[in-house]
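Fold and geometry: a report
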Amino acid sequence: MVVSHLSKSVQDASGTLHILRDIDFHLAPQQSLAIVGASGSGKSTLLSIMAGLDTPTQGTVWLGGVDMFAMDEDARAAVRARQVGFVFQSFQLLGNMTALENVMLPLELAGLPNPRAAAKDMLVRVGLGERLSHYPKVLSGGEQQRVALARAFVVKPALLLADEPTGALDSHTTVEVMKVLKELNDNGLTTIIVTHEKSVAEETRKIIHIKDGLIESIEGKG
Amino acid sequence: MNVLQEILAGLKHNLLRTILTGLSVSWGIFILIVLLGAGNGLKNGVTSNFSERATNTVQMWPGQTSMPYKGLKSGRNLQFSEKQVAAVHDNLTESSGETGIIEKQSTITYKNEYGSYNLVGANPQYEKIFNLKFLENDGRFINKLDLDASKKVIILDKKITEVLFKKESALGKYVQVGDIMFKVIGVNSTKERWGNGNAYIPFTTAQLIYNPDRKFHSIAMTVNGLETNEANEAFNEKLKGSIAQSLSYDPKDTQALHLWNAQRDYVETMKIFGGITIFVSIIGIFTLIAGIVGVSNIMLVSVKERTREIGIRKAIGAPPASILRSIIIESILITAVFGYIGMVFGIGLTEMVNFFLEQSAAGNPEGMSVFKNPTVSLSYVLVSTSILILSGVVAGYMPARRAVRIKPIEAMREE
């Protein structure tokens, strides 16, 4: 992944607000990266743009040699469906679907065979084999995040983006979720995590510090 | 899950919202059908009543003058003769079949049964003017041969035969009118609201027996081409003028002639029903608009509520077109299913009312009803339901298109 001179600004009543300014870095396949910074530093916006969920004002993102913003919304959706998994701080599960149906959804969107069996396998793998037919509202925070992780990883994407994946979890559940994430990375999945927790960032090989929309420093290799 | 399963699961999950949306559709269609049905029922009832009697009949009776005229004093009793029939025939091009009528209250007897009935001395054209109805095996009306030979034949209204003959057939039997025997040659089945019923004998026979001075009680005719109130008023005035001249009385004398113009009543009534139909149609259109607004509103809220869900779906790779398609299918599903339910209930109610009306009509064949067959044409119903479905689709499409255009990250922030 190559993030090339990325800037994002928005207009509001007080004028132009620069959220990201000339962010430029790259990440080799199978690497893990943590983007850290204080609240409002622009790290979540950066992650959203990298996933194609938001658009930059300037610059672009290259994923597997493809310019994400040279394509239309449908094509970006197709890239997300096949190559990108996204985990949100607030889980963002669909409340009218069971855990199993939530995990099946990306498989169906990607047009992959046997979605039910594959989704079931993935939920068993994250320890939720007994919770397949439960709706999100009856699951604990940790269980919901594990469903979200299963949903993000079930299509075996090349890239997993996680926005504060442990932000809403207690310390015990944080350890559980990080264990799953580390396992995924060890199995060859490129992982980018936005966090403000030092312990979570230390689990990755590379750390980018962001402050006021600018890269302050980059630690690690790759 | 396929698209349909997913939509159904979503609808089930939001059962209350689904039912409320659906009810506004069902209610709109139901009320529309019931309103149109009520309008049709009234119209059919009145039209049917009119069809039972001749709508283009004009009949007039002579009265007593109340004004002196050209040296003639007031208070003269006027009487019609062939001269007035000829005057009408010659002066009024709109009339046809003019005929004199003799009427007399008479006792008619068959075996031990008898009753007092209105005896009418009529010409053959009377049948057409007053729309008499002869069912199969019920004989016929007076013809020219009866007239020429002044035959002693009689036609009875059905309600008279029911009294005198009970269940026995009246045709070919003899009844006694006063002291004279008449052979029954026909039974008239026209529904009559008033009186005990009429008995008809040839005009010439009536003149011979009851009216040797060749005067008669009324003149009746059929009028043609009088489609408006103004045309009928003009005809009435012309008719009054013609009779006034023929009988030498002041045309302004309102007591000298009594006139009944059924055609004018028909035009008036149809005008009122034209107004009622427009009124019902306007209410129907507004009901439909209310239904459309209801569906649009709920679809708007429904899509707004789902903005976050749309964002999540886009984030995990759903193309905007597929989301749009799924919302539109959902709109069609809700409006079509609930529209159908409303349609079934609406048609069911109108058919049920129709069934009971027909049942009661069958039990009382002589009865008149102002409400008949309150059903609505299926094409009206299908068009209205289609309009509502289409508006549901448009109502779903507009906000859905806006929602799928929002960046996923912004959509997911919506609560």
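Keep in mind that this is a model prediction, so the values were computed, not measured.

Further remarks concern the overall build of chain A. Within chain A, the secondary structure is distributed over seven helices and 10 strands. Counting the 222 residues in chain A, one finds 46% classified as buried. By sequence separation, contacts in chain A at least 24 residues apart represent 66% of the contacts at least 6 residues apart.

What follows deals with the interface of chain B and chain A. Opposite the 18 residues of chain B that make contact, chain A presents 22 residues. The set of elements that each furnish at least two residues to the side of chain B that touches chain A consists of helix H1 (3-13), helix H10 (307-315), helix H11 (320-363) and helix H13 (408-413) of chain B. With four residues, H10 of chain B is the largest single contributor of residues to the side of chain B that touches chain A. Looking at the side of chain B that touches chain A residue by residue, the classes come out as 12 nonpolar, three polar and three charged.

With that out of the way, let us pick up the sheet that holds strand S5 (residues 66-67) of chain A. Residue and element names in this part refer to chain A. In space, the four strands of this open sheet follow the order S2-S1-S4-S5, with antiparallel pairing throughout. On the outer flanks of this sheet lie strand S2 (15-26) and S5, each paired with one strand and no other. As paired elements, strand S4 (residues 58-63) and S5 share two bridges and run antiparallel to each other. For Trp62, the partnering residue across the bridge sits in S5 and is Asp67.

Here we come to the sheet that holds strand S7 (residues 159-163) of chain A. Residues and elements named next belong to chain A. Read from one edge of the open sheet, six strands run S6-S7-S8-S3-S9-S10, paired in mixed fashion. Across the chains shown, the open sheet's two edge strands, defined by having one partner strand only, are strand S6 (84-87) and strand S10 (214-220). Between one strand axis and the next, the sheet turns by 15° as a mean value, whatever way the strands run. Where strand S9 (residues 206-211) and S10 come together, six bridges link them in antiparallel fashion. Among the inter-strand pairings, His209 is bridged to a residue of S10, identified as Ser217. On the sheet, helix H5 (residues 141-153) packs against S6 and S7 and is oriented at approximately 170° with respect to S6.

Residue and element names in this part refer to chain B. Structurally, Ala199 is set in strand S7 (residues 198-202). Given 25 C-beta atoms within a 10 Å radius, Ala199 is considered buried. In sequence terms Ala199 and Ser106 are 93 residues apart; their C-alpha atoms lie 9.2 Å from each other. When residues no more than four places from it in sequence are discounted, the contact partners of Ala199 are Ile108, Tyr117, Leu119, Val120, Ile154, Leu156 and Ile160.

On to the environment of Phe345 of chain B. Residue and element names in this part refer to chain B. Position of Phe345 relative to the elements: it lies in helix H11. A count of 16 C-beta atoms within 10 Å places Phe345 in the partly exposed class. Taking the C-alpha atoms as reference, Phe345 lies 6.4 Å from Phe30; in sequence the two are 315 residues apart.

You can see Ser41 of chain A is positioned in the loop between strand S3 (32-36) and helix H1 (43-50). Other than its neighbours up to four places away in sequence, Ser41 of chain A contacts Ile210, Lys211, Asp212 and Gly213 of chain A.

We now examine the packing of helix H3 (residues 82-91) of chain B against helix H8 (residues 229-247) of chain B. Residue and element names in this part refer to chain B. Across the interface, H3 lies against H8 with an axial gap of 10 Å and an inter-helix angle of 140°. It follows from the interaxial angle that H3 and H8 lie oblique. In this structure, H3 crosses over H8, and the sense of that crossing is right-handed. For the pair H3 and H8, the contacting residues are Lys83, Gln84, Ala87, Val88 and Asn91 in the first and Leu239, Ser242, Ile243, Ser246 and Leu247 in the second. Across the contact of H3 with H8, the residue classes break down as five nonpolar, four polar and one charged.

Attention now goes to the nonpolar core. In terms of nonpolar packing, the biggest core is built from 101 residues, with Ile35, Met50, Val103, Leu123, Ala150 and Leu161 of chain A together with Ile33 of chain B touching the most fellow members. Take this core: its biggest share by element is eight residues, from helix H12 (residues 378-405) of chain B. Each residue touching Met50 of chain A, except ones within four places of it in the same chain, is listed here: Met1, Val3, Val61, Leu161 and Ile192 of chain A. One finds Met60, Val153, Ile154 and Leu156 of chain B within the second-largest nonpolar core, a separate group that totals 54 residues.

Parameters and conventions
- Residues numbered from 1 in each chain as written.
- Chains lettered and ligands numbered in written order.
- Predicted model: local features only at pLDDT ≥ 70, side-chain atom pairs only at ≥ 80, totals over all residues.
- Helix = DSSP H or I, 4+ residues; strand = E, 2+ residues; numbered from the N terminus.
- Buried ≥ 20, exposed ≤ 12 C-beta atoms within 10 Å, placed from the backbone.
- Contact = placed C-beta atoms within 7 Å.
- Nonpolar A, V, L, I, M, F, W, Y, C, P; charged D, E, K, R; others polar.
- Pairing = 2+ DSSP bridges.
- Axes fitted to C-alpha atoms, helices over the stretch in contact; angles between N-to-C directions.
- Parallel < 35°, antiparallel > 145°, perpendicular 65-115°, else oblique.
- Left-handed = near helix turned anticlockwise from the far one by under 90°.
- Core = buried A, V, L, I, M, F, W, Y, C linked by C-beta atoms within 7 Å.

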